[in-house]
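Chain and residue survey
For reference, the chains in residue letters:
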Amino acid sequence: MKRLRQALLMEEHVCPWWLAYTFDHRLRRLLHRPEQLLDGLVSAGQTVADIGCGMGFFSIAMAHLVGPAGRVIAVDVQPKMFAVLQRRATRSGLWPRIRPHLSERDKLGLHDPLDFALAFWMVHETPSPANLFNEIHQLLKPRAALLVAEPMIHVPMARFREVLAAAHAAGLQTEAQPKIALSRAAILRRPA
């Protein structure tokens, strides 16, 4: 009971792998259509990262979009997430396009230059959004984008403004604030 209360009441935590089944399933497409959300941000041949990939809801869609010449780096802190992602991606024939990367809670540890990065419903789980955005800024190629979305239930508007301020302090610029169901969101870019 304590784990469930901690997961639901915004206490500092990482969403446990078993709770991800409650929102990372086919019905989620009614709220979040990855291809539509990523339109114009992800294209064939790119190297992209799904930071906090969970069970692969967005990673698999991104693998479709980058095509055979592209690559998706699926980043998470929980190895159990990768097992589910691998099963789902293999079933879709997309596993060869996806590279799982086990990160630390406070450090991504990536070195690949990125054309795009996604941080969907995960920034509130990091110990330091400032460190996260600094690291992402270093990975993004010039003019590359980062889509950040935070869940409204966990992240009030004032907190989301703090998240954006941390991103701006890292050198990213807000380009747009798209409307995404149940989310507060921003498309950020690394300047040229």
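Residues numbered from 1 in each chain as written. Predicted model: local features only at pLDDT ≥ 70, side-chain atom pairs only at ≥ 80, totals over all residues. Heavy atoms only, no water.

**Considering the overall build of the protein**
Counted only if it meets this: For helices the rule is a DSSP run of H or I covering at least 4 residues; for strands it is a run of E covering at least 2, with both sets numbered from the N terminus onward. Summary of the burial criterion: residues with accessible area below 20% of their type's maximum are buried, those above 50% are exposed, and those between are partly exposed, where the area comes from a 1.4 Å probe applied to protein chains only. All accessibility values rest on the Shrake-Rupley procedure with a 1.4 Å probe; residue burial counts only the protein chains present in the view.
Along the protein, the regular secondary structure elements total six helices and seven strands. Residues classed as buried in the protein amount to 51% of the 192 residues present. In the structure as shown, the protein presents an accessible area of about 9,600 Å², 56% of it carried by carbon and sulfur atoms.

**Describing unusual backbone geometry**
Non-glycine residue Trp121 carries a positive phi angle of around 55°. Looking at where Trp121 falls in the secondary structure, it is placed in the loop between strand 4 (114-120) and helix 5 (129-139). Using a relative accessible area of 19% as the deciding quantity, one classes Trp121 as buried.

**Some thoughts on the environment of Gly45**
Rules: Between two residues, a contact is recorded if the distance between any of their heavy atoms is within 4.5 Å.
With respect to the element layout, Gly45 can be found in the loop between helix 2 (34-37) and strand 1 (47-51). Given the relative accessible area of 41%, Gly45 is considered partly exposed. Separated by 24 residues in sequence, Gly45 and Ala69 have C-alpha atoms that sit 4.7 Å apart. For Gly45, the residues in contact, after removing those within four places along its chain, are Val66, Ala69 and Gly70.

**Overview of the pairing of strand 4**
Applicable threshold: The pairing criterion is simple: DSSP has to find at least two bridges between the two strands. Here a crossover is taken to be right-handed if, once the strands point away from the viewer, the path from the first strand over the helix to the second is traced clockwise.
Across the seven residues of strand 4, six count as buried, placing the element largely inside the fold. Bridge count for strand 1 against strand 4 is four bridges, and the pairing is parallel. Note on strand 4: the bridge partner recorded for Ala49 is Ala117. Alignment of strand 4 against strand 5 (residues 140-151), held across six bridges, turns out to be parallel. When the sheet's bridge partners are listed, Ala119 is paired in strand 5 with Val148. A crossover links strand 4 with its parallel partner strand 5, the connecting element being helix 5, and its sense is right-handed.

**Quick look at helix 6 (residues 157-169)**
In an α-helix, one turn spans 3.6 residues; hence positions three or four apart end up facing the same way. Under the convention used in this document: In a helix, the anticipated span is given by 1.5 Å times the number of residues less one. Each direction from the helix axis to a C-beta atom contributes to the arc, which is the arc of those directions.
Given a rise of 1.5 Å per residue, 13 residues ought to cover 18 Å, and the 18 Å separating the end C-alpha atoms of helix 6 matches this to within 8%. Along helix 6, the residues that are buried comprise Phe160, Val163, Leu164, Ala166 and Ala167. All buried residues of helix 6 project into a common sector of 155° when viewed along the axis, lining one side. Exposed residues pointing more than 90 degrees away from the buried face of helix 6 are listed as Arg161 and Ala169. Tucked inside the fold, the buried residues of helix 6 contact helix 5, strand 5, strand 6 (173-176) and strand 7 (183-189). Gly171 lies just past helix 6 and shows a positive phi near 105°.

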